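Take a look at the letters that make up each chain.
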Amino acid sequence: MTDKFDGRMLLSHNFTLTHDEVHPLSREEFAQVFVQGLGNHSGVQATLISHPHWVVDVSYETGRYTSAQVGQMCAEALATYRKQHNNEGFTVMALGGEKTTPATGAPPSLQTGEWGTDVVETADPGEFLAEINWDKLAGAKPSEQIFRIDVSI
């Protein structure tokens with residue numbers, strides 16, 4: 001990451017749709033959605049990373065964008081991709097939180113002060129959020145350290 005890109009967000013993918021509804025994306029396809037979808041935004045770049053949980057590293061300029069704005073861009077990039085492939089009838093969510101505890105590994109693992117964002121594709125956002133106990137997770141952090149973006153397709 002260069003000095004210009006002083007913000008970092010790692011993306012994971014949660015896909016809860018049936019395979020006959022929507023084609024699941026490989027790690028490479030998922031990353032390409034953001035490389036292309038964020039590529040027309042100045043001050044943001046995305047790259048595929050090798051990590052068991054995180055798939056995409058999004059670097060951005062914090063002087064231009066908040067983490068929630070980058071999360072919005074990510075949700076919209078995946079929603080746009082799905083619309084271009086005639087997929088509809090579900091929701092793309094970006095659920096982000098700032099890491100405030102010590103890092104458990106070296107990069108590409110999430111580091112203290114960076115944002116981890118689960119990009120979710122689901123037909124039932126309420127059910128998904130209940131399964132992960134989102135209200136409790138979100139309630140444990142100050143509002144400036146968490147975001148939730150929903151984009152219905």
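Residues numbered from 1 in each chain as written. Predicted model: local features only at pLDDT ≥ 70, side-chain atom pairs only at ≥ 80, totals over all residues. Heavy atoms only, no water.

**Notes on unusual backbone geometry**
Of note, the bond from P107 into P108 is cis; its omega dihedral lies within 30 degrees of zero at 20°. Here P108 shows up in the loop between strand 4 (91–98) and strand 5 (115–122). Backbone geometry at N86 places phi at a positive 60°, although glycine is not the residue there. Mapped onto the elements, N86 comes out in the loop between helix 2 (67–84) and strand 4. Looking at N86, the relative accessible area reads 70%, which means it is exposed. Despite not being glycine, N133 has its phi angle at roughly 60°, a positive value. Looking at the secondary structure, you find N133 in the loop between helix 3 (125–131) and helix 4 (134–139). Since its relative accessible area comes to 40%, N133 is described here as partly exposed. (Helix = DSSP H or I, 4+ residues; strand = E, 2+ residues; numbered from the N terminus. Buried < 20%, exposed > 50% of the residue type's maximum accessible area, 1.4 Å probe, protein only.)

All quantities given are derived from atomic positions and should not be read as evidence of function.
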